[in-house]
Each structure stands twice: as C-alpha cells, then as structure tokens.
Amino acid sequence: MKRMIILFAICMLSFGIVSSKSVTAVKEKKKQKVSPGIEVLLKEEKNVLSGKKVGLITNPTGIDSKLTSIVDLLHDDPDINLTALFGPEHGVRGDAQAGASVEYYIDEKTGLPVYSLYGKTKKPTPEMLKDVEVLVFDIQDVGTRYYTYIYTMAYAMEAARENDIPFIVLDRPNPQGGESVDGPVLEPEFSSFVGLYPIPLKHGMTVGELATLFNKEFKIGADLKVIKMKGWKRDMDYDDTGLPFVLPSPNMPTVSTTFVYPATGLIEGTNVSEGRGTTKPFELIGAPYINSDELAGKLNALRLPGVKFRAASFTPTFSKHAGRLSHGVEIYITDREAFKAVPTGLHIIKTIQDLYPGDFEFLAANNFNLLIGNGWIMSRIKEGSTVNEILKEYQVKQDAFKKVRKNYLLYK
C-alpha cells in the first residue's frame, strides 16, 4: 500500500500536478512513528518503579502501540509491583457515561482495587494511597481545557506531594497537534473541574508539558518526572503518529471529534444539542426549532477558514432533545491547520441566537460561563457584539500565556 501511494505521487509529479516537495512529504509522513511514554518507560526507564508499590491512574487509552493495556503491561511485568488502580471520569475501563460516578470495586482481570477519582472524591485520599509508593499517570488527553482528565492529573499531583509520593507522567500526543493555541484564558473566579487553571481553551500542549506547567506556575510542588515520547513533533496531529486511537471517552470516538470539540463543546452550555446520543457527537449540532438549511447557509456564508457546514437532521437517543427530531448542521473540517476552533464555536452560537432569538437560550446553571472560562463573553453575545470584537478582547491574555507556555514545551 505504501509503495502504491509513493508511485501515485511520482506519477502525479511527472504530470506537474504535485511538486517534488509534496512527494518527499508523502514519504516522510509514512515513516513517522511515535513511541508513547509507556513504551519508553518499559524499555529504558523501568528503574523508576523498581522496588516500589505502584499506583496507576489510567483508562482504556493507556495502551502501547500494539493496543496492550498499561494495566496488563505493569501487572504482568515481574519487575513491577502494581498495587492499585485509579480511574478518572468514565472509569478505568471506560464504561461510564459523562457525569456518571464510578464506585470503588475490584478489577476482575487483575484482582486490584480500583478507586474512583470522579464524583465525590477527585483527589486520592491517604487511605487510597496507603499501599502506593509511586503514582503513575497514563491517559490520552484531547487538547481542550474543559476535558477533565488533566485536572484528575493535577489533583493527583497534589495528593502525591501531600503524601511524599513521586509522581510520574507517561506522555502522549496532543491529538490536535502542539502548535495551535486558541480561545480565552480562564479567569480564576470561573475555576471548576472543567477548567481548574488559567489556561486557554485550546492549549496546544501534551499532558507531560501541562504537568510541568501546573507544577511550577500553580505551585503544586510535586516530585514530578515526565517520561517523554520518542518521535513526536509539535506539527504532528494524531493521524501522523502511527499510533492506534482509542476513544478517550464515550462521546469522543475519533480524532476528528477532538478537533471540533473546542468549538462545539461550547454548545453544551446552551439548549442546542451538541450531538450526544448520535453516532457523531460534537460533529452534529441542532435543536427542534432550527431550520437546518437556513443555519447551514448562514454559517457557510461566513467563509470560516478550514470548515464547511452541511444541513442535517437527527434524533438524539439520550441527552438534550432525546427522542425529538432536531435540525442543525454537521461540521466538516476541510483543513485542520487553517481551522480556528473557538472562533468557529462562537460564530455558531451567535448565528443561532441571531436567527432564533425567541427559542435559543443559554442554560441557567452557568454551564457556558464555566466552559468558556469567564462571564463576559456570554454577555457580549447577548448584547450583539461581533465575534471579531470578542476575539480582540481576549487576545492580550492569550498572548501572555503563550510566553509562559514556551518555558514548558518538551518537544520541537
């Protein structure tokens, strides 16, 4: 298959359809292979776990390049003493829906205790850590501030420091790549489990990089070690890595979903369905009161970079508008590098409000403000400000974060 792709590119070159640079890019891209932190740990740095009781924070995304779970890799390794498992939102095995609490239980496969870090207890307690001498974190993030796994990591880092336990992060790619920073920086008064620290909505960092930033900038002070990946570069999105993609949560099924999530995740703070209960969560959005052709036409007329909108109707099986025919759009990213997620999300929300002012609503429970990370953007939208005016207002703080961020980047 690889040979056919290269031959096709060479044929295209001979007809002047692509440049020699494009052919080289095809060859180089196919050669790229990333080794995640778990593989580097087991091959080169297993000594950091030697002679210690190991606690592991993970979920189904904690795999090697052959799809073997880190739980099995550590449990079956005679040199490693795995003593406890800790699960984030959706659980160690990923079988809980968004917002569902996972109680303490014994893992059937390993016989190990599994502690929930979602619900009433977000930080490991001393009782949970009584048989743990080193705490390991290995979870695939999606690159968006309001995804909870990075705060599970932060709380666990706090617990590790409070209990004098070293904390190890096994790094993984940011599926959206490591270059784009987008969206407003969270304001501290809107801190929550969907946005704990003042970082932009789209941060462009790996979990290992975030751990180092959290540890110093927000004064966690853990005994932190990051096991870096091998082969990952900042300009790579997940499809470039050669790694299998395991859905990080029930409503994040594909790499494409991670790209639209910083845009349409904001829809959760409104009475429009963000596509939960469909086969394309966050790529389908809509409500019973929307005219899909009208909305698609208005959004496409904006000529937003890297994205197209298709008129679509769907009936969610659960969540908002469950069982009701809803109308809206399906979002197609046509150019991942050109796509601007947060401005696109704000344009979608503003367009729906302008078209259907009598029906569209922000939810009363402050959801949108917690997601966007402030209270003023919702007010600006209601007052009729343009999206460009809103972008200019948060640009200064975003630029300031970018300067701080440079100090914590582990990859080029």
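Residues numbered from 1 in each chain as written. Predicted model: local features only at pLDDT ≥ 70, side-chain atom pairs only at ≥ 80, totals over all residues. Heavy atoms only, no water.

Draft legend 1. Summary view of the overall build of the protein chain. Of regular secondary structure, the protein chain possesses 12 helices and 12 strands. Its C-alpha radius of gyration of 22 Å places the protein chain within 12% of the 22 Å reference for a compact globule of 412 residues. Over its C-alpha atoms, taken along the principal directions, the protein chain stretches across nearly 65 × 60 × 45 Å. Per-residue burial over the protein chain gives 56% buried out of 412 residues. Total accessible area on the protein chain is roughly 17,800 Å²; 52% of this is exposed by carbon and sulfur atoms. The positive charge centre, built from 50 side chains, and the negative charge centre, built from 49, are 6 Å apart in the protein chain. (Helix = DSSP H or I, 4+ residues; strand = E, 2+ residues; numbered from the N terminus. Rg over C-alpha atoms; globule rule 2.2 N^0.38 Å. Buried < 20%, exposed > 50% of the residue type's maximum accessible area, 1.4 Å probe, protein only. Areas by Shrake-Rupley, 256 points an atom, 1.4 Å probe, with all protein chains shown as cover. Lys, Arg positive; Asp, Glu negative; His and termini not counted. Charge placed at Lys NZ, Arg CZ, Asp CG, Glu CD.)

Draft legend 2. Expanded view of the side chain of Asn271. Of note, Asn271 is situated in the loop between helix H7 (255-264) and strand S10 (284-287). You can call Asn271 buried: its relative accessible area is 14%. A polar contact of 2.9 Å, which involves the side chain of Asn271, links it to the side chain of Tyr289. In this structure Asn271 touches Ala287, Tyr289, Lys320, His321, Asp359, Phe360, Glu361 and Leu363, once residues within four positions along its chain are discounted. (Polar contact = N/O pair within 3.5 Å; in protein donor to acceptor, adjacent residues only side chain to side chain. Contact = heavy atoms within 4.5 Å.)

Draft legend 3. Representation of the packing of aromatic side chains. Summed over all chains, the structure comprises 17 aromatic pairs. Ring centres of Phe214 and Phe218 lie 6.1 Å apart, and the angle between their planes is 50 degrees; this geometry places the pair in the tilted category. Given the relative accessible area of 0%, Phe214 is considered buried. An aromatic cluster is present here, built from Tyr146, Tyr147, Tyr149, Tyr261 and Phe282 joined pairwise through their rings. Positioned above the aromatic ring of Phe193, the side-chain terminus of Lys122 is 5.1 Å from the ring centre. The positively charged end of Lys228 is found above the aromatic ring belonging to Tyr411, 5.4 Å away from the centroid. (Phe/Tyr/Trp six-rings, centres within 6.5 Å; stacked < 30°, edge-to-face > 60°. Lys NZ or Arg CZ within 6 Å of the ring centre and 35° of its normal.)

Draft legend 4. Inspection of a negative patch on the surface at higher detail. Taken together, the side chains of Glu179, Asp235, Asp335 and Glu337 present a region of like negative charge at the surface. Summarising the element assignment, Asp235 is placed in the loop between strand S9 (224-227) and H7. (Patch = residues over 30% accessible without salt bridge, like charges linked within 9 Å, V, L, I, M, F, W, Y side chains within 5 Å. Salt bridge = Lys/Arg side-chain N within 4 Å of Asp/Glu carboxyl O.)

Draft legend 5. Representation of the UniProt feature "domain: Peptidoglycan beta-N-acetylmuramidase NamZ C-terminal" (unreviewed entry) in the protein chain in the model. As annotated in UniProt, the feature "domain: Peptidoglycan beta-N-acetylmuramidase NamZ C-terminal" (unreviewed entry) corresponds to residues 259-411 in the numbering used here. Secondary structure across residues 259-411 comprises 42% helix and 13% strand; the distance between its end C-alpha atoms is 21 Å. (UniProt positions renumbered as here; feature names shortened; annotations may be inferred.)

Draft legend 6. How the structure looks around the sheet that holds strand S2 (residues 81-87). Strand order in this open sheet of 7 strands is S3-S4-S2-S1-S5-S6-S9, and the pairing throughout is mixed. Two strands bound the open sheet, and with one partner strand each, they are strand S3 (105-106) and S9. Pairing geometry for strand S6 (residues 167-170) and S9, over 4 bridges, is parallel. Paired with Val169 across the strands is Val226, a residue of S9. In this fold helix H5 (residues 149-162) packs onto strand S1 (53-58), strand S5 (134-138), S6 and S9, with an angle of close to 155 degrees to the strand it touches most, S6. (Pairing = 2+ DSSP bridges. Axes fitted to C-alpha atoms, helices over the stretch in contact; angles between N-to-C directions.)

Draft legend 7. How the structure looks around unusual backbone geometry. Residue His321 is not a glycine yet carries a positive backbone phi of 60 degrees. Summarising the element assignment, His321 is placed in the loop between strand S11 (307-314) and strand S12 (326-333). In this structure His321 comes out as buried when scored by relative accessible area, which is 18%. For Asn366, which is not a glycine, the phi torsion comes out positive at approximately 70 degrees. Relative to the helices and strands, Asn366 is located in the loop between helix H9 (341-355) and helix H10 (367-372).

Draft legend 8. Up close: the pairing of S6. Of the two faces of S6, the one holding Phe167 and Val169 and the one holding Ile168 and Leu170 are both buried throughout. Relative to S6, S5 is paired through 3 bridges, and the arrangement is parallel. Paired with Leu135 across the bridge in S6 is Phe167. With respect to chirality, the unit in which S5 leads through H5 into the neighbouring parallel S6 is right-handed. (Right-handed = clockwise from strand over helix to strand, strands pointing away.)

Draft legend 9. Summary view of the packing of helix H11 (residues 376-383) against helix H12 (residues 387-405). Two elements in contact, H11 and H12, have axes whose closest approach is 10 Å; the angle formed by their N-to-C orientations is 160 degrees. One finds that H11 runs roughly antiparallel with respect to H12. Crossing geometry of H11 relative to H12 is assigned as right-handed. Counted together, Trp376, Ile377, Arg380 and Ile381 of H11 and Ile390, Glu393 and Tyr394 of H12 form the full contact between these two elements. (Parallel < 35°, antiparallel > 145°, perpendicular 65-115°, else oblique. Left-handed = near helix turned anticlockwise from the far one by under 90°.)

Draft legend 10. Spotlight on the sheet that holds S11. Read from one edge of the open sheet, 3 strands run S10-S12-S11, paired in antiparallel fashion. The open sheet has two edge strands, S10 and S11, and neither has a second partner. Neighbour to neighbour, the strand axes of the sheet diverge by 25 degrees on average, direction disregarded. Relative to S12, S11 runs antiparallel, the two sharing 8 bridges. Within the sheet, the bridge partner assigned to Phe314 lies in S12 and is Ser326.

Draft legend 11. Looking closely at the pattern of salt bridges. Going through the model one piece at a time under the given rule, you end up with 20 salt bridges. One salt bridge in this structure joins Arg310 and Glu330, with 2.6 Å as the shortest N-O distance. Remark: Glu330 occurs in strand S12 and Arg310 occurs in strand S11; sequence separation between them is 20 residues. Several salt bridges converge on common partners, so that one network encompasses Glu268, Glu274, Arg276 and Lys320.

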